[in-house]
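# Report on the structure
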Amino acid sequence: MIASITGGINIAMKIPSHQYQATIAFYRDVVGLKPFTDKAPAIGFELGPNKLWLDEDPTMSQAEVWLELFTPDASGALKQMADAGVVRCDAIEPLGDDFRGGWIMNPANVVHMVREPDAW
């Protein structure tokens, strides 16, 4: 059986500390996106139907974009991906033992969270 997988609404941009404040100002002041801070200290911006999260990461030397995929069956979808040779990278950011999902990388090394919609 093929697991049902769709695009999620969250896009995370992991940003080095030395670029973080300027990136916030860019999206807020130059682009004019509406910010939200309901999960402080994280800051996000409305990006059409999506949410763009800006996460400061002092361990990074350059920014990365991480994407989200939804599935009603995270275990099944992650097994399907593993069977296809997809790389798991759960150590990249802890999600907790009870989280229904995990981290993968596509062939271009772009990180994706694969999760059930109510996994949080």
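Described in the following lines is the structure provided in the data block. Quantities reported herein were computed from a predicted structural model and do not represent experimental measurements.

Our next topic: the packing of aromatic side chains. If you walk through the whole model with that rule in mind, you get 4 aromatic pairs. Summarising the aromatic geometry, the rings of Tyr 27 and Phe 45 are spaced 6.0 Å apart at their centres and angled 40 degrees between planes, so their arrangement reads as tilted. With Tyr 27 in helix 1 (residues 17–30) and Phe 45 in strand 4 (residues 43–47), the pair connects residues that are 18 residues apart, well separated along the chain. The pair formed by Tyr 27 and Phe 45 is uniform in burial state, with each residue classed as buried. Arranged with centres 5.1 Å apart and planes meeting at 70 degrees, the rings of Trp 66 and Trp 103 form a pair that is edge-to-face.

Residues Phe 26, Val 30 and Val 31 make up a contiguous nonpolar surface patch of roughly 280 Å² in combined accessible area. Within the secondary structure, Val 30 sits in helix 1. Of the residues examined, Val 30 reaches a relative accessible area of 63% and is grouped as exposed.

Counting residues in hydrophobic clusters, the biggest one holds 11 residues: Ile 11, Met 13, Ile 15, Tyr 20, Ile 24, Tyr 27, Leu 33, Ile 43, Phe 45, Leu 52 and Leu 54. Breaking this core down by element, the ones donating at least two residues are strand 2 (10–15), helix 1, strand 4 and strand 5 (50–56). Excluding anything up to four places from it in sequence, Ile 11 contacts Leu 47, Asn 50, Lys 51, Leu 52, Trp 53, Val 65, Trp 66 and Leu 67. Formed by 9 residues, the second largest nonpolar core is a distinct cluster that contains Trp 66, Leu 95, Phe 99 and Trp 103.

On the secondary structure map, Glu 68 appears in strand 6 (residues 64–70). Among the polar contacts listed, one links the side chain of Glu 68 to the backbone nitrogen of Asn 10, at a separation of 2.9 Å. Of the polar contacts made by the side chain of Glu 68, one reaches the side chain of Arg 115; its length is 2.6 Å. Not counting residues within four places of it along the chain, the set of residues in contact with Glu 68 comprises Gly 7, Gly 8, Ile 9, Asn 10, Met 113 and Arg 115.

Before going further, it helps to spend a moment on helix 2 (residues 74–83). Residues of helix 2 that are buried include every one of Ala 74, Ala 77, Leu 78 and Met 81, and no others. Angular distribution of buried residues about the axis of helix 2 spans 95 degrees; they occupy a single face of the element. Exposed side of helix 2, more than 90 degrees from the buried face: Ser 75 and Asp 83 are the residues found there. Directly after helix 2, the chain includes Gly 85, whose backbone phi takes a positive value near 85 degrees.

Parameters at a glance
- Residues numbered from 1 in each chain as written.
- Predicted model: local features only at pLDDT ≥ 70, side-chain atom pairs only at ≥ 80, totals over all residues.
- Heavy atoms only, no water.
- Phe/Tyr/Trp six-rings, centres within 6.5 Å; stacked < 30°, edge-to-face > 60°.
- Helix = DSSP H or I, 4+ residues; strand = E, 2+ residues; numbered from the N terminus.
- Buried < 20%, exposed > 50% of the residue type's maximum accessible area, 1.4 Å probe, protein only.
- Patch = residues over 30% accessible without salt bridge, like charges linked within 9 Å, V, L, I, M, F, W, Y side chains within 5 Å.
- Areas by Shrake-Rupley, 256 points an atom, 1.4 Å probe, with all protein chains shown as cover.
- Salt bridge = Lys/Arg side-chain N within 4 Å of Asp/Glu carboxyl O.
- Core = buried A, V, L, I, M, F, W, Y, C linked by side-chain atoms within 4.5 Å.
- Contact = heavy atoms within 4.5 Å.
- Polar contact = N/O pair within 3.5 Å; in protein donor to acceptor, adjacent residues only side chain to side chain.
- Arc of directions from axis to C-beta.

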